[in-house]
Amino acid sequence: MKTYARKPDFPTETEIVVTCASGVESALKKEIFRLFQKEVPAINGAITFKGSVSDVVKANLNLRTAERVYIKTGDFEAKSFDELFDGVKAVRWEDFIAADGKVTVNGKCVKSALFSISDCQRIIKKAVADRLCEKFGYNRLPESGAEYHLEFSVFKDRVAVMIDTSGVALHKRGYRDKTGVTPIKETLASAILFYSDFYRIRPFYDPFCGSGTFVIEGARIALNIAPGIDRRFAFNDWKNFDEKLYFSLKQEAADGVRDIKIDFCGSDIDAKAVELAEYHAKRAGVSGAVKFSVKAVKDFKPRQDFGTVVTNPPYGVKASDIRSAEESYKDFGCVMKDFPAWSVFAIVKDGKRFEKFFGRKSDRERKLYNSELECRLKYYYGKNSEKGN
Ligand SMILES: C[S@@+](CC[C@H](N)C(=O)[O-])C[C@H]1O[C@@H](n2cnc3c(N)ncnc32)[C@H](O)[C@@H]1O
C-alpha cells in the first residue's frame, strides 16, 4: 500500500453553508452580516455564502445562533444511481479529506427519483472512496484516521453534498454538562436575546432561570465571549486542517473579551436548578459577572427602574402542571405591572393562555420552535425601550 506524500490543502475559497433551527433564520442572518459583512438570504433554515477556510473557523467559533457549519462540495442533478455516483466522484475530495480519513454519510431524499436514503449513502460513500483510492494510490481506504462526515440532500432531483465541519452541534457550547430542568438550547436562547431589547449595559433578569441559560448566554454576549471558545470542532481532528490558523483565530476571539461590569441576574423557585445555574455559570466563565438566587416569581422585585426580562416560564404541558403554570404567569404579571419601564420577552407554549394569566396582551409575537415544540415569543416593550429587532 502506497502512502500519500502530499498533505492535501483546502481550497482557498469554498461554499459555506450555515444551518440554524427553524424560526431563528433572521437572527442568524444578522450575525452573518456582522461577522462577514455579507448580506445573504436564509433558505429553509440555511444560509450559504462564499468564504475561506478562515471563515469556516470563524463561523464555528463565533456564531451564536448557528447549529452547524458545512463546506458544500457538490451540487448537481441526478435521477439515477449512475448520475449520483459520477456527480460525487467528480468532486475533488482529495482537497478536503486526509488520506487516512474515515468517511461517514447521512442525508435525506425529498420529491426525487432517488428516494432510498440507504442506497444513496452507499453510492456516495463508494464514489468518494473510489476517487480517494485513485488519487492516493490505495486499493482500499485505510479509514484509520479522523471522521469526515458528509451530509447529502436530494431535493427535486438536485443533489447537494456537504462536509460537516462542526461535529457536535453548535448549541452544545461545552459548559453545560449536567441536566436537571428542561433547558432551552443555547442557540435558541441567543436568538431570543437578539430579538429582545437586551443590551449589555441594561439590567437583565430571568425570574424562571432554571439551569441559567438566558443569564449565561446573555452575559457571554455582553462580555463578548465567543460561543465556541471552550469546545472542539470536527476539523480539530483533521490532519489536513490548518491548526495554526485555528489557534490564531481562537486567540483573536479570546482577545476580544470585554472587561465591563454587567447587572445580570436570575432566580428560580427550585434550589437544585439554581445550584445547576451557578455551576454552569462557573464553567462558562461568567460566575463573577452574574448572580442567581432561589426565589418564587412573586417575590421578584427589580432593583432598577428599567431593564429587560427574558424568560422561559413553565409550559404546563402535563395536565397536573397546568394550574401551577397559570398561577406563576399570574404572579409574574402582578410583579411586572409595577415596573412599566421593564421589557418582558417570554417564550411560552400557549400565547393566549399566557396573555390571559399574565394580564396583558403582548405588543408582538413570533413563532419559534423549542426543540420540536411550536411556541410563541411574546414581546412586551417597557416604556422608552429600544424596539426594532
Ligand atoms: C422551562 S423551565 C426554565 C428552563 C431554563 N430556561 C433553562 O434553560 O434551564 C421553567 C422553570 O421555572 C421554574 N418555576 C416554576 N414555577 C415557578 C415560580 N412560581 N417561581 C419561580 N420559578 C418557577 C421551574 O423550577 C423551572 O426551572
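Residues numbered from 1 in each chain as written. Predicted model: local features only at pLDDT ≥ 70, side-chain atom pairs only at ≥ 80, totals over all residues. Heavy atoms only, no water.

So, about the sheet that holds strand E11 (residues 307-311). Overall, mixed pairing links the seven strands, which are arranged E10-E9-E8-E11-E12-E14-E13 in an open sheet. In the strand order of this sheet, the two ends are held by strand E10 (290-294) and strand E13 (364-370), each with one partner. Each neighbouring strand pair of the sheet contributes to a mean axis angle of 20 degrees, computed without reference to strand direction. Here strand E9 (residues 264-268) runs beside E10; their pairing, made up of five bridges, is parallel. Bridging from a neighbouring strand, Ser267 pairs with Ser293 of E10. (Pairing = 2+ DSSP bridges. Helix = DSSP H or I, 4+ residues; strand = E, 2+ residues; numbered from the N terminus. Axes fitted to C-alpha atoms, helices over the stretch in contact; angles between N-to-C directions.)

Contact geometry for helix H9 (residues 319-337) and helix H10 (residues 351-358): axes closest at 7 Å, N-to-C directions at 55 degrees. By the angle between their axes, H9 is oblique relative to H10. Of the two possible hands of crossing, H9 and H10 adopt the one that is right-handed. For the pair formed by H9 and H10, the contact residues are Ile322, Glu326, Tyr329, Lys330, Phe332, Gly333 and Met336 on the first element and Arg353, Phe354, Phe357 and Phe358 on the second. (Parallel < 35°, antiparallel > 145°, perpendicular 65-115°, else oblique. Left-handed = near helix turned anticlockwise from the far one by under 90°. Contact = heavy atoms within 4.5 Å.)

Bringing the pattern of salt bridges into the picture now. Under the defined criterion, the tally for this structure stands at 25 salt bridges. Of the charged contacts in the structure, one is a salt bridge between Asp75 and Lys72, with a shortest N-O distance of 3.1 Å. Overall, the relative accessible area of 19% leaves Lys72 in the buried class. The partner of Lys89 in a salt bridge is Glu134, and the shortest N-O contact between them spans 2.6 Å. Note that Lys89 is positioned in helix H3 (residues 81-89) and Glu134 in helix H4 (residues 117-136), a separation of 45 residues in sequence. Several salt bridges converge on common partners, so that one network encompasses Glu355, Glu365, Glu374, Arg376 and Lys378. (Salt bridge = Lys/Arg side-chain N within 4 Å of Asp/Glu carboxyl O. Buried < 20%, exposed > 50% of the residue type's maximum accessible area, 1.4 Å probe, protein only.)

The next subject is the packing of aromatic side chains. Here the structure, examined in full by the defined rule, presents 23 aromatic pairs. With a centroid separation of 6.1 Å and 75 degrees between ring planes, the pair formed by Phe136 and Tyr138 is classed as edge-to-face. Pair check on accessibility: Phe136 and Tyr138 agree, each one buried. Note on Phe233 and Phe235: the rings are 5.3 Å apart at their centroids and 20 degrees apart in plane angle, and the pair reads as stacked. Across this residue pair, the class does not change: Phe233 and Phe235 are buried. In this arrangement the basic side chain of Lys178 is found over the ring face of Tyr279, its NZ or CZ atom lying 4.1 Å from the centre. For the cation-ring pair, Arg366 lies above Tyr195, with the distance from its terminal atom to the ring centre recorded as 3.6 Å. (Phe/Tyr/Trp six-rings, centres within 6.5 Å; stacked < 30°, edge-to-face > 60°. Lys NZ or Arg CZ within 6 Å of the ring centre and 35° of its normal.)

Right, let's talk about the environment of Arg232 for a bit. Summarising the element assignment, Arg232 is placed in the loop between helix H6 (213-222) and helix H7 (243-255). For Arg232, a relative accessible area of 53% translates into the label exposed. Counting along the chain gives 92 residues from Arg232 to Arg140, while the straight-line C-alpha distance between them is 29 Å. Once residues lying within four places of it in the same chain are set aside, the contact partners of Arg232 are Ser166 and Asp237. Polar contacts involving the side chain of Arg232 include one to the side chain of Asp237, which spans 2.7 Å. (Polar contact = N/O pair within 3.5 Å; in protein donor to acceptor, adjacent residues only side chain to side chain.)

For Asn106, the position within the fold is in strand E5 (residues 102-110). Residue Asn106 is classed as partly exposed on the basis of its relative accessible area, which comes to 35%. Taking C-alpha positions, Asn106 is 9.8 Å from Lys125, a pair spaced 19 residues apart along the chain. Ignoring any residue separated from it by four or fewer positions in sequence, one finds Asn106 in contact with Gln121, His149, Leu150, Glu151 and Phe152.

Under the domain assignment, the protein chain is made up of domain 1 (14-164) and domain 2 (186-223 + 260-380). Computed from C-alpha coordinates alone, the two centres of domain 1 and domain 2 are separated by 37 Å. Counting from both sides, the interface comprises 12 residues of domain 1 and, opposite them, 13 residues of domain 2. Between domain 1 and domain 2, a total of about 910 Å² is buried, with carbon and sulfur atoms accounting for 56% of that surface. Remark: the boundary between domain 1 and domain 2 carries zero salt bridges. At the boundary of domain 1 with domain 2, the tally comes to five residue pairs in polar contact (both at pLDDT 80 or more). (Domains from an automatic or database assignment. Buried area = accessible area lost by both parts, 1.4 Å probe.)

This brings us to the sheet that holds strand E7 (residues 158-164). On the basis of which strands lie adjacent, the open sheet formed by seven strands has the order E2-E3-E1-E4-E7-E6-E5 and mixed pairing. Of all the strands in the sheet, the pair left with one neighbour each is strand E2 (42-43) and E5. Its contacts with the sheet place helix H1 (residues 25-36) against strand E1 (14-19), E2 and strand E3 (46-51), and it is angled at close to 15 degrees to E3.

With respect to spatial proximity, 19 residues lie near the ligand, and among them Ile184, Ser211, Thr213, Asp268 and Val297 are the closest. Contact distances for the ligand include 3.1 Å between an oxygen atom and a backbone N or O atom of Ile184. Contact between the ligand and Ile269: a nitrogen atom at 3.3 Å from a main-chain N or O atom of the residue. When the ligand is considered free in solution it has 610 Å² of accessible area, and contact with the protein chains removes 86% of it. (Near = heavy atom within 4 Å. Areas by Shrake-Rupley, 256 points an atom, 1.4 Å probe, with all protein chains shown as cover.)

This part covers the pairing of strand E12 (residues 342-348). Regular strands place side chains that alternate from one sheet face to the opposite one. Counted residue by residue, E12 has seven buried out of seven residues, so it is predominantly covered. Alternating residues of E12 divide into Trp342, Val344, Ala346 and Val348 and Ser343, Phe345 and Ile347, and every residue in both groups is buried. Strand direction decides the pairing type here: E11 and E12, joined by five bridges, are parallel. Among the inter-strand pairings, Thr308 is bridged to a residue of E12, identified as Ser343. Between the parallel elements E11 and E12, the chain passes through H9 in a crossover that is right-handed. With five bridges connecting them, E12 and strand E14 (residues 373-380) associate as antiparallel partners. Across the sheet, the residue bridging to Ile347 is Leu377, located in E14. (Right-handed = clockwise from strand over helix to strand, strands pointing away.)

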